[in-house]
Amino acid sequence: GQSLEQPSEVTAVEGAIVQINCTYQTSGFYGLSWYQQHDGGAPTFLSYNALDGLEETGRFSSFLSRSDSYGYLLLQELQMKDSASYFCAVHGSGNTGKLIFGQGTTLQVKP
Amino acid sequence: DTEVTQTPKHLVMGMTNKKSLKCEQHMGHRAMYWYKQKAKKPPELMFVYSYEKLSINESVPSRFSPECPNSSLLNLHLHALQPEDSALYLCASSRDHILERFFGPGTRLTVL
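Visitor: How should the side chain of Ser47 of chain A be read in this particular structure?
Guide: Residues and elements named next belong to chain A. Mapped onto the elements, Ser47 comes out in strand β5 (residues 44-49). Take Ser47: its relative accessible area is 8%, and that puts it in the buried class. Only 3.0 Å separates the side chain of Ser47 from the side chain of Ser62, close enough to count as a polar contact. If near-sequence neighbours (up to four positions away) are discounted, Ser47 is found in contact with Leu32, Ser33, Trp34, Ser62 and Leu73.

Visitor: Teacher, can you tell me more about the sheet that holds strand β6 (residues 53-57) of chain A here?
Guide: Within a sheet, adjacent strands bond to each other through the backbone by hydrogen bonds, running parallel or antiparallel. Residues and elements named next belong to chain A. Overall, antiparallel pairing links the five strands, which are arranged β1-β3-β8-β7-β6 in an open sheet. Across the chains shown, the open sheet's two edge strands, defined by having one partner strand only, are β1 (3-5) and β6. The sheet shows a mean angle of 20 degrees between the axes of neighbouring strands, direction not considered. Bridge analysis of β1 against strand β3 (residues 18-25) gives three bridges, and the strand direction is antiparallel. When the bridges of β3 are listed, Glu5 appears paired with Thr23.

Each value, and the rule that gives it
Residues numbered from 1 in each chain as written. Chains lettered and ligands numbered in written order. Predicted model: local features only at pLDDT ≥ 70, side-chain atom pairs only at ≥ 80, totals over all residues. Heavy atoms only, no water. Helix = DSSP H or I, 4+ residues; strand = E, 2+ residues; numbered from the N terminus. Buried < 20%, exposed > 50% of the residue type's maximum accessible area, 1.4 Å probe, protein only. Polar contact = N/O pair within 3.5 Å; in protein donor to acceptor, adjacent residues only side chain to side chain. Contact = heavy atoms within 4.5 Å. Pairing = 2+ DSSP bridges. Axes fitted to C-alpha atoms, helices over the stretch in contact; angles between N-to-C directions.

In short, the description is geometric, and any link to function would need to be established separately.
Structure below.
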């Protein structure tokens, strides 16, 4: 099976940098994704890492180390609108379509 | 069009009712999904459709019955639900199983 661990809550101030870590255990691995979900909204895709290293998309970056079964999402120049839940999600074995989400990290950005 | 639409937005039903949730996408995606999400919890996979065929059923009770009439539409038929089935039901689609999921806004279901 698959399991993922990420912190339940993170608080930071506007303009700061925050890192949300995710460790996973999975039988078979096709990549780690990150999704953002605002209260009352639908999850929206942020990034996908299949290979080790850093992927950068604007203010957001995502990192993966397959040997450590570890990844993180880095948010820079935090804005109030970044307050949301952030989920790491792992694609399981066999490319079956099983995308399993972690419990989510609630990010609160304060002025 | 990069949108997944879901109807209705809200649904209240009794335990003896039969209702259906609808999902539509026109992005040419051949994989479609149903997820259930309780408050403060992650989305939980229910069903996966691949090329209009059911490929994964995550041991979902038979009171939930999915249907994929064509490559753009996905339905979830509901019958004899329990109050604990109250949740946000999310539909998603993707071009490939590995690529990003596009989620619809969800149907907020309340079972009385």
